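# Report on the structure
The chain contents come next:
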Amino acid sequence: MSWMNRLLGSLRKSGLEEQLDDELRFHIEMRTQEFVAAGMTAEEARQQAARLFGNQLLLKESTREMDTVAWLETLLQDLRYALRMLRRSPGFVVAAVLSLALAIGANTAIFSALDAVLLRTLPVEKPGELVRFSQALPTQEMSEFTYPMFEKFRDHNRSFAGLIAYLGARPFSVVIGGQGEIANTEFISANYYSVLGLKALVGRTFTPQDDRISDNPPVAMISFAYWQRRFSGDAMILGRQVSIHGVPFTVIGVTPPRFFGITVGSYPDITLPFATWERVAGRPDDFQNRYGYFLQIVARLKPGVSVTQARAEAQVLYDQELADSLKAASQSLRGYMQKETGNARLMVLSAGGGAESGVRGLFSYPLKILMVMVGLLLLIACANLANLLLSRATARGHEIAIRLAIGASRPRLVRQLLTESLLLSAIGAAAGLLLAIWGIQLLVTMISKIEETIVLPISVDGRILAFTAGVAVVATILFGLLPALRATRLDVSRSLKPAGLRSAIRSQITWGKVLVISQVALSLPLLVGAGLFAGSLRNLYRLDLGFNRDNLMFVSLDAGSAGYKPEKAAPFYRELLTRMSALPAVKSIAYADRRPLSSEGFHQLISVDGYHPRPNEQMAAGISYVSPSYFQTLQMPIIRGRSFERLDTDKGAPQVALISQSTARAWFAVQNPVGRRLGFGFTDSARDIEVIGVVRDSKYNHLREPAPLMIYVPYRLGAAGGITVIIRAGGSPEGLIEQVRREIRALDPALPITHLTTMAVQLEESLGRERLIASLSSFFSLVALLLASIGLYGVMAYAVARRTSEIGIRMALGAEHRSILRMVMRETLLLVIIGAAIGISAALASTRLVSSMLFGLEPTDPMTLATATGVMLAVA
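The rules behind each value
Residues numbered from 1 in each chain as written. Predicted model: local features only at pLDDT ≥ 70, side-chain atom pairs only at ≥ 80, totals over all residues. Heavy atoms only, no water. Salt bridge = Lys/Arg side-chain N within 4 Å of Asp/Glu carboxyl O. pLDDT = per-residue confidence, 0-100. Contact = heavy atoms within 4.5 Å. Phe/Tyr/Trp six-rings, centres within 6.5 Å; stacked < 30°, edge-to-face > 60°. Helix = DSSP H or I, 4+ residues; strand = E, 2+ residues; numbered from the N terminus. Buried < 20%, exposed > 50% of the residue type's maximum accessible area, 1.4 Å probe, protein only. 1 Å grid on protein atoms, 1.4 Å probe; cavity = no way out; pocket = protein on both sides within 12 Å on 5 of 7 lines; lining within 4 Å. Points joined across faces, edges and corners; volume = space filled by probe spheres on them.

Opposite charge on two side chains permits pairing when their charged atoms draw close. Applying the stated criterion across every chain yields a total of 21 salt bridges. Ionic pairing is found between Arg-154 and Asp-155, a salt bridge with its closest N-O pair at 2.9 Å.

Attention now goes to the confidence of the model for the protein. Across the protein, the average pLDDT comes to 80, with 81% of residues at 70 or higher. This model gives residues 6–14 a pLDDT under 50, and the stretch forms 13 contacts once residues within four places in sequence are excluded.

Tallied over the entire structure, the rule returns 25 aromatic pairs. Aromatic pair Phe-111 and Phe-467: ring centres 4.0 Å apart, planes at 5°, arrangement stacked. Highlighted residues: Phe-111 in helix H5 (residues 90–119) and Phe-467 in helix H15 (residues 462–488), separated in sequence by 356 residues. Given the relative accessible area of 14%, Phe-111 is considered buried. Aromatic pair Phe-133 and Phe-153: ring centres 5.0 Å apart, planes at 90°, arrangement edge-to-face. You can see Phe-133 sitting in strand E1 (residues 130–136) and its partner Phe-153 sitting in helix H6 (residues 147–156), a full 20 residues away along the chain. Comparing Phe-133 with Phe-153 shows no difference in burial state: the two are buried. Through successive ring pairs, a cluster of aromatic residues spans Tyr-166, Tyr-192, Tyr-193, Phe-206 and Phe-259.

With the rule as written, the count across this model stands at 5 cavities of 30 Å³ or more. If you add up the space inside the second largest cavity, you get close to 60 Å³. In this structure, the second largest cavity is lined by 15 residues; those nearest its centre are Tyr-193, Thr-255, Phe-259, Pro-268 and Thr-271. Looking at the lining of the second largest cavity, the elements that each hand over two or more residues are helix H7 (192–196), strand E6 (219–222) and strand E9 (270–273).

Next up, the structure:
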């Protein structure tokens, strides 16, 4: 610092001083010459010119104050003085920095996640020109389209510079060097990267030739993260072979490191051209199907074309394709389409921030709620620091009064005090940034536990640093300005006397009480919110799932993805089931096409013999293919009829099904459904499935949703690619995990395991969002309670210390300890009660905003409100 002062001093003396002297001499000389020309003597003229210019020292000082170098020197002086003052109060500095670090760190971490989910634009060329397509149907909004629709938009529009389509990333088995694993794979149109304006980091992107079915080996691109993770950034990656779903691919390029796909949170490891779908998925008709909605469409607007103009043109093409599809449909399908697509409207929406995604729908609102909570936490921390600074300012009242008395200006002192506050904020922001980096990693871990395929690019970049700096500046203003203004608004003559100091102390205590009331009022909504979220999570954990959740584990495999044909897959699965059943800890074993609470599976349109749907009724149910031992293993009671038998799974056996209680109520009312017939599809002739039993309702997709309409069909091994083995262990299933993994590896080391988890972990994953917000809101509310408690303690301790003489006199006159304690506690509780009354009113007004996130609780739940208030009073 000393070398900087010497440098500034030399600059001032050698530069500014000489310029000021020369300037003054020039002006005085010019004015002297004017007076001489008017008839004065040289001496008289010089004296008169000097009098007109006034005090030259004062003039030079005023000029110096406007000089940038002088301003910088003054700032350095303020910083040095602030450091000296803070060094004298290490306890105050630690408390202030810790409070700010927690508040700023929490704000930065939550903002980072919110930025990744909602605010960040795609790292592509001119993202503002990108739009996405969506359909507004009579019963729902849908972002999926058919491939013929995409071709119609692509080939007949005049508003778009380019259209791309893609099939959202999904897990596929990948074998590299004989080792199998699961990788997120996305199928895209060949112009995907060129329309987005992206170039490969290594190699090249797809060309139109890559998107044509030919005898040439198919090609693939991999993401930068997958290149680093799976290939260790191998420079010889181009030309490497990978096997995807049993099909060999050649790697031709690596995507840029900052590009994480169009769909937020769905990060593809591998991208493949559409032409390879038939080879990989084995479904050649999907892209010719006019009724298969599975593609998402993004377009780039031509320069000068508005979204309104583009939507009007695209609507015409959309209507034409719907009309053509309706004409080509069968009679039974036509009626369904007319009901589903009548008055359908095409929407063209901005896609600069990415396409709409399940991750955005899952996390955007909770993150907004958490952002409000950490904002309140920052206000509480600032109120706490303002209280501390008011106390310091009062203690320094004599010093400030002396400085004012000897000529210091009030703005100069305010600037000095704000410099101290800014220094505290800077240190707190730096510590907060370190906490935020740790918090971001924690957030990423918590989110990845919700769903392994969710990938959010949350990191500290320029935007996050700018946000942290902005929060630090706002915090400085919030907690530093009031104490600075109060400290310098002094009557100098009174403040130099003891009476004036006592008045300043009383004023500080009054302001301190106001700030404490504010802290309590801000803390209570946080406590209430945390109580509501924790209560909702508790209610969800206690839900009856419809089956026994204890000691269950799931193993998901897909032999077809590893190249097994159906005739080979069936014996492989049978051998694996035999091996697993022989494990000592296995009590019962079954298999199905999906795991409970995994959001997997699909819905099917249903027709029921003798049932006539009501207008606009959705005749659809969830379909699950299960083994005969499925209900026994899950311990799901059969309410009526019988369960499946082994003969029901034989090829050529009559088609039978069990239905859930909700399905029976919806379509059979009080009648016995056993023996009735239903079918998949629209026509009466398709009703060839006999209902043989009714099983108890159970949760399948989400715990929050009512038990869905379900139809259970016998699983014929080898008829479908994937299988989920369900194991009920005699005790804790964790010990079985390695044994099961070993049995799979013994049969086929290259077969990737899609999932291997216990029911307890599966339940945790299904409640991941609720657990995330309950955990974070509880942590933030506890920090807020701690800060409010510290503020309350500080004000009351200061007030009691200043009344030591009064308390001594009261006790000397006979007052008991209990009466003194009651007097202090009465004051304390009065502050808390006033703050609680304001806080409860704020909580009642704000908790309604989170009603959609609650389960089994009302936003105005009396027990939660009473508990939060009781906790605040007890801590006070």
